[in-house]
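Here is what each chain is made of, one letter per residue.
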Amino acid sequence: AGCSCSVCLVLAPSCPTMLSLLRQLTLKQLALFAFTYVAYVVIYLGRKPVAVVKPVLQDSMGLTPNQLASVDSSFLTAYAVGQLSLGLLSAVFTTPQLLGLAYLGCGVSVAAFGATAATYQMILAWGCAGFFQAVVNPLLVIWVAELFPAAIRASVLAIWQTSQQLGSIVANGVASGVLHWSGGEWRGVFWIFG
């Protein structure tokens, strides 16, 4: 007997449903679940810096609200293009290859953003970051889903998707901390996160 609701499953590790789920998993499944969970939390370190440093960026670079909107739009547009092109990319590359390229490309793009000196450079670097980040979630979800039997897959993926919220919280906190620690130097946030 015990609750089988998804809230209890996520919040109460002593819940019989959670214990039953954990007993069904192998050590390899648990390790890969943890690895992919952390990997998706980390991708948010490359997604959130612009939102955190936007006021400092606007003041130090003299950017207008329209220019900042163009930077944000470049990320979102490239993200959409990346998601739409995932099918074509997955026909050429394996999942591990695509993930490796995506993380590398994201890191380089985010670090490059920290070295920009003009709005068009910011748009290009942040757009590239959006493109590379677009493929990470679908690929990790597929990878995690393939690790688990259909009977528990939905529960496992529901728990795994909380990595998005945790990633957002961690990235905002770390970016704010780095910005404060660096004395308001926005470039450092991107160099560290890249």
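Keep in mind the model is a prediction, meaning the values are calculated, not measured.

For the rest of this paragraph, the subject is the pattern of salt bridges. All told, the structure shown has one salt bridge when counted by the stated rule. Between Lys54 and Asp72 there is a salt bridge, with the nearest N and O atoms lying 2.5 Å from each other. On the criterion of sequence distance, the pair formed by Lys54 in helix α4 (residues 49-61) and Asp72 in helix α5 (residues 65-92) is long-range, its members being 18 residues apart. Given a relative accessible area of 25%, Asp72 falls into the partly exposed group.

This part is about the packing of aromatic side chains. Using the criterion set out here, one finds twelve aromatic pairs in the structure. Aromatic side chains Phe35 and Trp143 sit 6.4 Å apart centroid to centroid with 80 degrees between the ring planes, which places their arrangement in the edge-to-face category. Here Phe35, found in helix α3 (residues 27-43), pairs with Trp143, found in helix α8 (residues 136-147); they are 108 residues apart in sequence, far enough to count as distant. Its relative accessible area of 27% is what places Trp143 among the partly exposed residues. Their ring planes at 80 degrees and their centres at 5.9 Å tell us that Trp186 and Phe190 sit as a pair that is edge-to-face. Placement of both Trp186 and Phe190 in helix α11 (residues 186-193) is noted, with a separation of four residues, approximately one turn of the helix. Taken individually, Trp186 and Phe190 each receive the classification buried, so the pair is uniform in this respect. Grouped by ring-pair contacts, the aromatic residues Phe75, Tyr79, Phe113, Trp126, Trp186 and Phe190 constitute a single cluster. Positioned over the ring face of Tyr44 is Arg47, at 4.6 Å from the centre of the ring.

This part is about the confidence of the model for the protein. Averaged over all residues, the pLDDT of the protein is 87; the fraction at 70 or higher stands at 89%. Element-level mean pLDDT values for the protein span from 50 in helix α1 (residues 6-11) up to 96 in helix α7 (residues 119-134).

Core analysis: the biggest nonpolar cluster contains 52 residues, and Phe113, Trp126 and Phe190 have the highest contact counts within it. Excluding residues within four positions of it along the chain, Phe113 makes contact with Val50, Leu57, Val71, Met122, Ala125, Trp126, Trp186 and Phe190.

With that out of the way, let us pick up helix α6 (residues 95-113). Spanning 19 residues, α6 covers 27 Å between terminal C-alpha atoms, matching the ideal 27 Å at 1.5 Å per step. Listed as buried for α6 are Leu98, Leu99, Ala102, Gly105, Cys106, Gly107, Ser109, Val110 and Phe113. Tucked into the core, α6 has its buried residues touching α3, α4, α5, α7, α8 and α11.

Helix packing for two helices is described by the angle between their axes and how far apart those axes are. In the contact formed by α3 and helix α9 (residues 150-160), the axes pass within 11 Å of each other and the chain directions differ by 35 degrees. Listed contacts from α9 to Phe33, Thr36, Tyr37 and Tyr40 of α3 are Val156, Ile159 and Trp160. Here the residues of the contact of α3 with α9 are counted per class, giving six nonpolar, one polar and no charged.

Conventions and cut-offs
Residues numbered from 1 in each chain as written. Predicted model: local features only at pLDDT ≥ 70, side-chain atom pairs only at ≥ 80, totals over all residues. Heavy atoms only, no water. Salt bridge = Lys/Arg side-chain N within 4 Å of Asp/Glu carboxyl O. Helix = DSSP H or I, 4+ residues; strand = E, 2+ residues; numbered from the N terminus. Buried < 20%, exposed > 50% of the residue type's maximum accessible area, 1.4 Å probe, protein only. Phe/Tyr/Trp six-rings, centres within 6.5 Å; stacked < 30°, edge-to-face > 60°. Lys NZ or Arg CZ within 6 Å of the ring centre and 35° of its normal. pLDDT = per-residue confidence, 0-100. Core = buried A, V, L, I, M, F, W, Y, C linked by side-chain atoms within 4.5 Å. Contact = heavy atoms within 4.5 Å. Expected span 1.5 Å × (residues − 1). Axes fitted to C-alpha atoms, helices over the stretch in contact; angles between N-to-C directions. Nonpolar A, V, L, I, M, F, W, Y, C, P; charged D, E, K, R; others polar.

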